[in-house]
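Structural characterization, general
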Protein chains: 2
Amino acid sequence: MDLSDRKKKILQAIIDEYIGTAEPVGSRAISKKESLGLSSATIRNEMADLEEMGYLIQPHTSAGRVPSDAGYRFYVNSLMQRYQLGVEAISRLQEALEDKVVQLESMIKRAGALTSALTDYTTFVTTPGRVSKIKKIDLVPLGYSSVMLIVVTLAVRSRVINADITAEQCDEIASILNKHLAEHSADEISFAKIEEIQHEIEAKTDLSVQLLINILHFVYETINSMNESDIYINNAKSILQYPEYSDLDKARELFNFLEDKENLKLLASAEDEEGVKAKIGKENGLDILNDCSLVTVNYALGDRKAGKLGVIGPKRMNYAKVFASLDVISKEIDKILKYYL
Amino acid sequence: MDLSDRKKKILQAIIDEYIGTAEPVGSRAISKKESLGLSSATIRNEMADLEEMGYLIQPHTSAGRVPSDAGYRFYVNSLMQRYQLGVEAISRLQEALEDKVVQLESMIKRAGALTSALTDYTTFVTTPGRVSKIKKIDLVPLGYSSVMLIVVTLAVRSRVINADITAEQCDEIASILNKHLAEHSADEISFAKIEEIQHEIEAKTDLSVQLLINILHFVYETINSMNESDIYINNAKSILQYPEYSDLDKARELFNFLEDKENLKLLASAEDEEGVKAKIGKENGLDILNDCSLVTVNYALGDRKAGKLGVIGPKRMNYAKVFASLDVISKEIDKILKYYL
DNA sequence: TATTAGCACTCGATTAAATTGAGTGCTAAT
DNA sequence: ATTAGCACTCAATTTAATCGAGTGCTAATA
């Protein structure tokens with residue numbers, strides 16, 4: 001069932017061509033390539049073979065050939081030329097990711113944006129769920145009977161609470177919270193623990209119980225929300241750019257699909273394999289993605305898989321470049337995160 | 001130059017119809033409306049008059065009429081039926097805005113999202129520049145020689161700084177920073193002031209000067225960045241929905257335009273008038289928006305204009321609903337902000 | 001005098017037909 | 001085994017024919 005060397009070369013030439021043009025490629029176009037030096041008739045014969053083997057598809061009798069899912073798969077697995085990001089490109093990436101590292105989440109978001117800038121495809125990133133340990137909790141009075149609750153881990157989350165308490169009371173509560181919660185990871189903190197803390201605070205201050213419950217409720221909720229991983233999409237508009245989505249309805253459909261975070265999370269929920277992986281067309285298992293490929297990579301926080309970075313594009317995407325980009329960027333993220341944790 | 005009552009009614013009927021269908025409206029369609037009881041011939045005569053006066057346009061000889069910019073303008077100024085948001089709709093809005101008020105910025109973002117959900121048009125919001133006073137500055141050691149800098153105003157901004165300092169040093173620096181900066185508004189804080197603080201810290205701690213300069217640099221930059229207003233766009237994809245953008249190239253062009261924050265800021269930079277204002281077609285002064293209308297409203301933080309909320313849609317947008325929505329939402333924002341400040 | 005019925009006319013949109021051309025498969029020659 | 005040559009196919013493009021919504025104008029009517 002192996003392909004002859006010649007067939008491989010021809011298949012590769014066809015796919016390379018198709019990736020560039022999005023038009024079915026004919027035998028003549030291939031025979032013109034110097035490197036092969038075969039007549040169109042010969043190419044035609046080989047193409048007929050490749051079609052029979054399932055690597056190519058003829059949209060209609062008098063058209064050229066188009067790669068099938070299996071064709072792309074073979075291309076990705078064995079044919080694709082390695083693509084090297086330029087040194088300057090890489091160092092620009094490193095700079096962009098490191099230089100202004102403001103915060104975990106925004107760094108991750110930026111990684112998604114960079115990937116999409118680099119490849120010009122739609123991308124998504126998921127932020128790490130169950131993030132690192134709580135470093136500090138703070139209650140800052142804002143005046144007008146509201147306080148700002150701030151929880152610091154590698155990320156920072158804040159929210160305003162309406163509560164009429166003094167600065168001293170804020171400090172007191174915060175210090176008790178910190179005593180119990182600092183250096184614990186968010187997913188260790190049960191509601192029971194919070195109740196325990198509540199009793200301690202009740203004993204030490206003269207706050208109204210109702211108010212205290214209220215505040216602790218927010219604390220609990222905020223901490224919990226940090227456990228949830230979120231997902232961001234970039235450059236969705238790029239799908240308008242590819243001829244496979246020149247049908248407005250199709251484009252809109254995909255748009256709507258991608259806009260729903262639940263759908264994206266579904267996509268991002270795939271296995272935790274090593275390295276860059278592609279899912280081509282039907283392999284995605286979703287009708288709406290039959291004409292798309294999804295290329296993803298995991299990044300790690302310390303030693304466990306933390307989140308995922310992915311590219312969504314037409315099946316005839318520039319796999320080589322996408323693979324290289326995801327590889328480089330995910331490794332940069334790993335490096336930066338390792339450094340933090 | 002005044003329009004007869006009958007002409008007004010006809011113009012209104014035409015625009016209402018056109019808003020609903022996006023198709024040039026013919027005399028027959030209007031004459032069928034019970035409320036007028038005129039024959040199509042009469043309507044035709046009136047339409048011819050209205051066209052001469054510049055309120056209507058005939059795309060070609062054998063088509064119905066379409067409102068001109070002037071027509072829409074007249075409609076918005078004098079004809080449009082007031083639209084009342086339902087009580088439940090309003091209270092749902094209030095809830096959505098208040099209930100989970102997490103933070104100034106996310107509330108503002110949410111307001112934009114709500115407007116777009118309500119109207120189904122593309123919306124934008126700008127966050128307040130020169131935000132309220134600094135409430136607190138915090139330095140939290142994260143371990144691995146990095147610290148998180150946190151600046152609290154009505155918003156919270158944070159960033160990671162690589163600096164090898166102890167928890168005690170953090171506290172000390174933070175307390176000096178707070179002593180000098182808390183309760184000052186961000187735009188009062190000059191670089192000179194920061195340098196002054198630097199000298200005080202130098203005297204009181206044994207930190208390396210270079211490190212200290214580095215940290216204070218980030219403090220200054222972060223505070224400064226809080227002075228800048230940002231802009232967010234929602235539901236850009238909705239432009240794919242309207243027949244006026246069934247031309248993919250036009251849609252893409254507008255998409256690209258709207259994606260660039262600089263462009264949006266330009267749009268949002270308009271005058272600080274009271275109340276909801278519309279700019280129709282050419283009134284926007286940008287070719288790319290010739291087929292769009294922009295409806296905006298300012299919201300206030302305390303007593304000065306703080307930011308802007310806007311809707312971008314086709315010229316034949318549902319002005320009544322958009323005006324009502326913007327009115328209600330901006331007032332809700334005002335209410336919430338007044339409450340905070 | 002204002003309104004309306006009636007009719008010829010216009011012109012974009014739709015449908016149908018004709019043409020083109022890229023590409024194939026097969027056969028026979030090299 | 002390869003290739004030149006040729007008949008054939010079929011989507012895409014071009015051209016022509018038809019349709020119909022809507023108009024403006026005129027003459028009749030209230």
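The rules behind these values
- Residue positions are given per chain, counted from 1 along the sequence in the order it is written.
- By the order in which they are written, chains take letters starting at A while ligands take numbers starting at 1.
- Only residues with pLDDT of 70 or above have their local features reported here, since the model is predicted, and side-chain atom pairs are shown and tallied only from 80 upward, although totals for entire chains, interfaces and linings are computed over all residues.
- Derived side-chain values reflect all non-hydrogen atoms in the structure, with water molecules and hydrogen atoms excluded from consideration.
- The secondary structure listing takes helices from DSSP runs of H or I that are at least 4 residues long and strands from runs of E that are at least 2 residues long, numbered from the N terminus.
- We compute the radius of gyration over the C-alpha atoms and compare it with the globule rule, which gives 2.2 Å times the number of residues raised to the power 0.38.
- The classification of residues rests on relative accessible area computed with a 1.4 Å probe and restricted to protein chains. Under 20% of the type maximum is buried, over 50% is exposed, and intermediate values are partly exposed.
- Only heavy atoms matter for contacts: two residues are in contact if any of them lie within 4.5 Å across the pair.
- Positive: Lys, Arg. Negative: Asp, Glu. His and the chain ends are not part of the count.
- A charged residue contributes its charge at one atom only: NZ of Lys, CZ of Arg, CG of Asp or CD of Glu.
- Note on terminology: near, applied to a residue and a molecule or strand, indicates that one of the residue's heavy atoms is within 4 Å of it.
- For this analysis, a polar contact is any N or O atom pair within 3.5 Å, provided that within protein one partner can donate a hydrogen and the other can accept it, and provided that sequence-adjacent residues contribute only side-chain to side-chain pairs.
- Each residue is assigned to one class: nonpolar for Ala, Val, Leu, Ile, Met, Phe, Trp, Tyr, Cys and Pro, charged for Asp, Glu, Lys and Arg, and polar for all the others, Gly among them.
- The angle between two axes is taken between their N-to-C directions and runs from 0 to 180 degrees, where each axis is a line fitted to C-alpha atoms and a helix contributes only its stretch in contact.
- Any angle that falls under 35 degrees is termed roughly parallel, while one over 145 is termed roughly antiparallel, one within 65 to 115 roughly perpendicular, and all others oblique.
- To form a nonpolar core, buried Ala, Val, Leu, Ile, Met, Phe, Trp, Tyr and Cys residues must be joined to one another through side-chain atoms within 4.5 Å.
- Think of it this way: DSSP has to see at least two bridges between two strands before they count as a pair.
- Stacked, tilted and edge-to-face pairs are distinguished by plane angle, under 30 degrees for stacked and over 60 for edge-to-face with tilted covering the rest, among Phe, Tyr and Trp rings (Trp via its six-membered ring) whose centres lie within 6.5 Å.
- Each ring is checked for a lysine NZ or an arginine CZ that lies within 6 Å of its centre and within 35 degrees of its normal; such an atom marks a charge sitting over the ring.
- Note: buried area is the sum, over both parts, of the accessible area (probe 1.4 Å) each one loses when the two are combined.
- A carboxyl oxygen of Asp or Glu within 4 Å of a side-chain nitrogen of Lys or Arg is what we treat as a salt bridge.
- To line up the copies, we fit them by least squares on C-alpha atoms, keeping just the residues with pLDDT of at least 70 in both.
- Domain borders in the structure are assigned automatically or taken from a domain database.

Moving on, we get to the overall build of chain A. In terms of helices and strands, chain A carries 12 helices and 10 strands. Computed over its C-alpha atoms, the radius of gyration of chain A comes to 27 Å, more than 25% above the 20 Å expected for a compact globule of 341 residues. Its C-alpha atoms put chain A at 90 × 40 × 35 Å along the principal axes. A buried classification covers 53% of the 341 residues belonging to chain A. Of the contacts formed within chain A by residues at least 6 apart in sequence, a portion of 61% connects residues at least 24 apart. Where the 41 positive side-chain charges of chain A centre and where its 51 negative ones centre are 7 Å apart.

Near DNA strand C you find 20 residues, and of these Ser27(A), Arg65(A), Arg6(B), Thr42(B) and Ser62(B) are the closest. Backbone atoms, meaning sugar and phosphate, form 75% of the atoms of DNA strand C found within 4 Å of the protein. At 3.4 Å, a backbone N or O of Ser62(A) approaches a sugar or linking oxygen of DNA strand C. It is helix α3 (residues 40–52) of chain B that contributes the most residues to the surface near DNA strand C, four residues altogether. Across the surface near DNA strand C, the residue classes break down as four nonpolar, 12 polar and four charged.

Moving on to the packing of helix α1 (residues 5–21) of chain A against helix α4 (residues 69–79) of chain A. All names here are of chain A. It is at 10 Å that the axes of α1 and α4 come closest, and there the two elements cross at 110°. By the angle between their axes, α1 is roughly perpendicular relative to α4. Contacts between α1 and α4 involve Lys8, Leu11, Gln12, Ile15, Asp16, Tyr18 and Ile19 from the former and Gly71, Tyr72, Phe74, Tyr75 and Leu79 from the latter. Grouping the constituent residues of the contact of α1 with α4 by class yields eight nonpolar, two polar and two charged.

Right, let's talk about the nonpolar core for a bit. Of all hydrophobic cores here, the largest spans 132 residues; its most connected members are Tyr319(A) and Tyr319(B). Sequence-distant contacts of Tyr319(A), defined by excluding residues within four places in its chain, comprise Ile19(A), Tyr72(A), Tyr75(A), Val76(A), Met80(A), Ile280(A), Ser293(A) and Val295(A). Ranked by size, the runner-up nonpolar core spans 37 residues in total, among them Leu248(A), Ala251(A), Phe124(B) and Leu258(B).

Here the focus is the sheet that holds strand β6 (residues 156–162) of chain B. Residue and element names in this part refer to chain B. Overall, antiparallel pairing links the three strands, which are arranged β4-β5-β6 in an open sheet. Two strands bound the open sheet, and with one partner strand each, they are β4 (136–143) and β6. Each strand axis lies, on average, 20° off the axis of its neighbour in the sheet, ignoring direction. Two strands pair when backbone bridges link them, and strand β5 (residues 146–152) and β6 are joined in this way by seven bridges, in the antiparallel orientation. Across the sheet, the residue bridging to Ile150 is Ser158, located in β6. Contacts between helix α9 (residues 209–225) and the sheet are confined to β4, β5 and β6, with β6 contributing the most and set at about 155° to the helix.

Below, the discussion takes up the side chain of Ser31(A). Residues and elements named next belong to chain A. Within the fold, Ser31 resides in helix α2 (residues 27–31). On the accessibility criterion, Ser31 (17% relative accessible area) is buried. A polar contact is formed between the side chain of Ser31 and the backbone oxygen of Arg28, at a distance of 3.1 Å. Contact partners of Ser31, with chain neighbours within four places excluded, come to Leu38, Ser39, Ser40 and Ile43.

Taken together, 20 residues form the shell around DNA strand D, and within it Arg6(A), Thr42(A), Ser62(A), Ser27(B) and Arg65(B) come nearest. Each atom of DNA strand D within 4 Å of the protein was assigned to sugar, phosphate or base; sugar and phosphate come to 75%. One of the side-chain nitrogen or oxygen atoms of Thr61(A) is found 3.0 Å away from a phosphate oxygen of DNA strand D. Separating a base nitrogen of DNA strand D from a side-chain N or O atom of Arg44(B) is a distance of 3.0 Å.

Let us now look at the packing of aromatic side chains. Tallying each qualifying case throughout the model produces 10 aromatic pairs over all chains. When the ring of Tyr121(B) is compared with that of Tyr242(B), the centres are 5.5 Å apart and the planes differ by 20°; the resulting orientation is stacked. Here Tyr121(B) is found in the loop between α6 (104–119) and β3 (122–126), whereas its partner Tyr242(B) is found in the loop between β7 (231–234) and α10 (248–259), with 121 residues between them in sequence. Pair check on accessibility: Tyr121(B) and Tyr242(B) agree, each one buried. Connected via pairs of aromatic rings, a cluster forms that spans Tyr72(B), Tyr75(B) and Tyr319(B). Lys250(A) extends its terminal NZ or CZ atom over the ring of Tyr245(A), reaching a point 5.5 Å from the ring centre. Positioned over the ring face of Tyr232(B) is Lys261(B), at 5.0 Å from the centre of the ring.

Next up on the list: the interface of chain A and chain B. Of the residues lining the interface, 36 residues belong to chain A; the matching set on chain B comes to 36 residues. Between chain A and chain B, roughly 3,400 Å² of surface is buried when both sides are summed, and carbon and sulfur atoms account for 60% of that area. The interface formed by chain A and chain B holds four salt bridges in total. With its nearest N and O atoms 3.8 Å apart, the salt bridge here joins Glu259(A) to Lys237(B). Here chain A is connected to chain B by eight residue pairs in polar contact (both at pLDDT 80 or more). For the side of chain A that touches chain B, the elements supplying multiple residues, two or more each, are β4 (136–143), β5 (146–152), β6 (156–162), α10 (248–259) and α12 (319–340) of chain A. Residue composition of the side of chain A that touches chain B, by class: 20 nonpolar, nine polar and seven charged.

Moving on: the environment of Gly310(B). Residue and element names in this part refer to chain B. With respect to the element layout, Gly310 can be found in strand β10 (residues 304–314). Note on Gly310: relative accessible area 0%, which makes it buried. Along the chain, Gly310 and Phe124 lie 186 residues apart, while their C-alpha atoms are 5.2 Å from each other. Aside from chain neighbours lying at most four places away, what touches Gly310 is Thr122, Thr123, Phe124, Val295 and Thr296.

All right, on to the relation of the copies chain A and chain B then. With an RMSD of 0.1 Å, the fit of chain A onto chain B corresponds to turning through 180° and sliding 0.1 Å along the axis. On this basis, the relationship between the two copies can be described by a two-fold rotation axis. When C-alpha positions in chain A are compared against the rotation axis, the closest is assigned to Leu248(A), at 3.6 Å. The overlap is high: 100% of the interface residues of chain A also sit at the interface in chain B, so the same surface is used on both sides.

The next thing to look at is the domain arrangement of chain A. For chain A, the assigned domains are domain 1 (5–79), domain 2 (87–129 + 230–340) and domain 3 (136–226). For domain 1 of chain A versus domain 3 of chain A, the separation of C-alpha centres amounts to 64 Å.

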